[in-house]
Structures are given as structure tokens and as C-alpha cells.
Amino acid sequence: MPTNLPPEAKEKWEEVEAARSPREKMEKMQEFLKYVPQHKGTMKLRGEIKRKIAVIRSDLEEKKRKGVGKSSGGPKLFLEKEGSAQIVLIGMTNVGKSCLMSTATNSKVLVTPTPYSTHQPVPGIMDYGDVQFQLIEAPAVMKGSAEGRGTGNVTLGLARNADGVILMVDLSRNPVEQLELILAELEKSRVLVNKPSGRVIIDRRHAGTALRVILIGHLIDCSMRDVEDLLREYKIHDALVRITGDVRLEDVEDAIFETTIYKPAVIAANKLDLKGAEANLRILKKHVNGKLPVIAMSCENKEGLDELGKELFDSLGVIRVYTKDPGSREDTGRPFTLKRGATINDLAKSIHKEFVHNFLFAMVWAKRLPFSPKKVGLNFVLEDGDVVEVHTKI
Ligand SMILES: Nc1nc2c(ncn2[C@@H]2O[C@H](COP(=O)(O)OP(=O)(O)O)[C@@H](O)[C@H]2O)c(=O)[nH]1
Ligand SMILES: [Mg+2]
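I will try to describe carefully the structure that is included in this document. Everything quoted here is computed from the prediction, not taken from an experiment. (Residues numbered from 1 in each chain as written. Chains lettered and ligands numbered in written order. Predicted model: local features only at pLDDT ≥ 70, side-chain atom pairs only at ≥ 80, totals over all residues. Heavy atoms only, no water.)

The next point concerns the environment of I256. Turning to its location among the elements, I256 is positioned in helix α8 (residues 249-257). Among the residues examined, I256 registers a relative accessible area of 3% and is labelled buried. Sequence-wise, I256 and Y234 are 22 residues apart; in three dimensions their C-alpha atoms are separated by 8.3 Å. Excluding anything up to four places from it in sequence, I256 contacts W13, E17, I202, R204, L230, L231, Y234 and I236. (Helix = DSSP H or I, 4+ residues; strand = E, 2+ residues; numbered from the N terminus. Buried < 20%, exposed > 50% of the residue type's maximum accessible area, 1.4 Å probe, protein only. Contact = heavy atoms within 4.5 Å.)

Count 3.6 residues to each turn of an α-helix, and residues three or four apart come out pointing the same way. Buried residues of helix α11 (residues 344-351): I344, N345, L347 and A348, and no others. On an axial view of α11, the arc spanned by its buried residues comes to 160°, and they lie on one face. (Arc of directions from axis to C-beta.)

The strand order across the open sheet formed by six strands is β2-β3-β1-β4-β10-β11, and the pairing between neighbours is mixed. Looking at strand neighbours, the two that pair on one side only are β2 (122-128) and β11 (294-296), the edges of this open sheet. Averaged over all adjacent pairs, the angle separating strand axes in this sheet is 30°, with direction ignored. Bridge count between strand β10 (residues 265-270) and β11: three bridges; the pairing is parallel. Each bridged residue has a counterpart across the sheet, and for A269 the counterpart in β11 is A296. Those strands touched by helix α4 (residues 97-104) are β1 (85-91), β2, β3 (131-137) and β4 (164-170), and its axis lies near 150° from that of β3. Running at roughly 170° to β11, helix α9 (residues 277-288) makes contact with β4, β10 and β11 of the sheet. (Pairing = 2+ DSSP bridges. Axes fitted to C-alpha atoms, helices over the stretch in contact; angles between N-to-C directions.)

All right, on to the site of ligand 1 then. Close to ligand 1 lie 18 residues; N94, K97, S98, C99 and D273 are nearest. For ligand 1, an oxygen atom lies 3.0 Å from a polar atom in the backbone of G96. C99 is positioned such that a nitrogen or oxygen atom in its backbone is 2.7 Å from an oxygen atom of ligand 1. (Near = heavy atom within 4 Å. Polar contact = N/O pair within 3.5 Å; in protein donor to acceptor, adjacent residues only side chain to side chain.)

Glancing now at the sheet that holds strand β7 (residues 211-220). If you trace the three strands from one edge of the open sheet to the other, you get β6-β8-β7, paired in mixed fashion. In this open sheet, the two strands that pair with only one neighbour each are β6 (198-204) and β7. Put simply, the sheet's adjacent strands are angled 5° from each other on average, direction ignored. Pairing of β6 with strand β8 (residues 239-248) involves seven bridges; the strand directions are antiparallel. Residue pairing across strands places I201 opposite R242, the latter belonging to β8.

The topology assignment puts Q178 in helix α6 (residues 175-188). The buried category is assigned to Q178, whose relative accessible area is 4%. When sequence neighbours within four positions are dropped, the list of residues in contact with Q178 reads M92, V95, V169, D170 and R173.

In C-alpha cells form, the structure reads like this:
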């Protein structure tokens, strides 16, 4: 059931969204909570809002303690994104996370048999062809991380904020047990890795663009009208809402609050070189049963790194689009990575925010086109490997 919030709560939520600073956002969330009645249907929402408040508060306290501008010593809750996608490495202690960082990325980390030696998230860049992934080694996950044990909040917060996750297990110990433990902790923090049966994406637009709901799938126990009414109750008047698969009204509400989120995930089954690993790998694969990709690897022997890159790229659902300056013969080399299904409009936005405004037309070179280049508009759907030349008024 949807949470059935009173109108005052819905209005407050609009203020939360409009907040301009973390402090204001936190205060508005606290006010919002006062209007949310306490019952079973609102438990999930209350929990999630409280978690968000806690994250902002600890960030603010941290800044205050360190003095803004000075480099901070405590564990960071968010790391600035770099490269095409941010991927967080999640695993219990000693599975080989640091070893992967040191072999696959440019970062300097400590690889050691001493458990729980990584307290701080450590970033590094991993090259995969012409795409760069930012890997982050998160502090180890343990039972109770979701309740804040160890540096659990940091790790799970990083996972929430990332574009994807690598679930790492050690094949010389029981990999199924490790995987289930990490998945359980992630699930408790409402980060799910399995594909949902349906999906709601709310893309907020500037005022005046109106509300448009695109339904590619089925609404369960509700109508299109109910969906639109719910969005309007939350003062969402200007947005493009895409609904795919099987979706209930509560999933739409979930999307408004971003409570449950889905992360693309790959399983890195490490230490393939050790005794018993092959047998454990078979058990793990049988258990996972094709639901997630399993990459067998040995960080120590630098095996499986390419497969890891490929699976990451595939699971993220991204495409590479190369741009060319008008008049130049060569593309710029480094592609833009965009979500599958992205259009020229999305590309233009990621090049520069003024680009859409000044857009005239684009020329596209692509193997699937009978003739290249083709002159196209903002709605043209791009595919991996396309080369684009954007023409603007100025
Ligand atoms: N045999 C073997 N040992 C590994 C491999 N990867 C990591 N290790 C060892 O496992 C221990 C823990 O590695 P580390 O990367 O620090 O684990 P973390 O706690 O997950 O960061 C170290 O002694 C590593 O040398 C591997 O692929 N094979
Ligand atoms: Mg480590």
C-alpha cells in the first residue's frame, strides 16, 4: 500500500526538494517527518528519511569539526565522481579488495592479511578500453553493517551513491555465505542488486514543461490517473516519468522518495588460484543461477581483470558516444558514456548545458545507418560507437 500521507506532508516534501543547502534540506526533512503518521505503511519511508538526515548531519558535523576547507581525516561519506562510472567494491575483510585496487587501478593501497585494515574509502581509476571506471574500495562489510556496525554506514552509503557495485568474495572460503551476508546488509539499507520487476524513473524538468507519464509495461492495482494524481499530490507538475515492467502505486511513491534503489552489480569471485577454489566457484555459480554475472579471478595473478571490465561495462547499461568538432576529421578520442537509450539531447546536455539551447542539428556516423553521416535532431537515439558532430547557433 502507498503510505497515504496527509496533504501537509506532501507539501513539506516539496520544500525538502527545493532546499538549497544540506542544512536546510535536513531541517525540512525533520519537519516533514512530523507530518508523517507512524504506522506500518510508513515505516520504510520514516527509516529512509531518518537515514538521510543522519548522513547529512554527520557530514555537517565533520565539516564543522575539521573547519571547512581543511582536509578531513574521518571517513568520507561521498567521493566526487570521476571517469565514466563510479563503482564501489563491497566485500568482507581479506577477500582481496585492496589487491584488486592495486592491480587494476592507479591507486596505492595496502594489501595485507591483517583484517579490517582499510578504514577509509580509497578511490582509483581502472581503464577499460577507452572507458575509465572509478573504483572505490569501501571499508569491509560485516554482519550488522546496515545497523552501523564498524564503518557500515560509510560503505553502504557509498554503494547507494555509486553507479554500480562489485560484490567481492573469497573462493577459498564459503563464497555463498559471504555473498548472502553482503546482499542481506545491502538489502537492509534498501540497496537492491537484482533487477526489479518494474521501474519508475522520475526525470524532473523545469517549470512549465508539464507532467508526462510514459507507460511501457503494466500498472498493478492502479490506473494511469492514480499515478498522475499521486505525482500531483507531491507537487510534481513538471517531469517526464517513465514506467517500465510491472509497477504498483507504492513503487511510484518509492521513486519520489528514492527509498529503494537498484544498483547494477557483478560478483568478483577472487583467489581462484587457491586450493578448493574451483569447486567453490561451481557451487557459487549454481547458487547465483545466472541472476548476476560471476567473474572468476585471481588478483594476485592478475587473472580475470579484462572480464571484470567487460561485465562492468555490460551491466551498467552504458554506451560510448564519440564527438567530433565540426570541420575536424577525427573524433576527440575520449567518448562520452551515456545510458543506453540516450538521445542527442542527452549527449548535448552532457557536453554543455548551453548546447541544447543553441542546438541546430547533429551529424551522426554509424554502421547501422544506410548512409553516414546522417543529419538528425535532438530525439535521435544513440548507440554504442556512434560518432556525433553537434552544430550550434554560436
Ligand atoms: N592467493 C591469493 N591471495 C590473494 C588474492 N587476492 C588477495 N590475496 C591475499 O589476501 C589477503 C587480503 O588481501 P587484501 O587485498 O588486503 O584484502 P581486503 O581486506 O579485501 O582489502 C592478502 O594477504 C592478499 O595477498 C588472490 O587472488 N590470490
Ligand atoms: Mg583492504
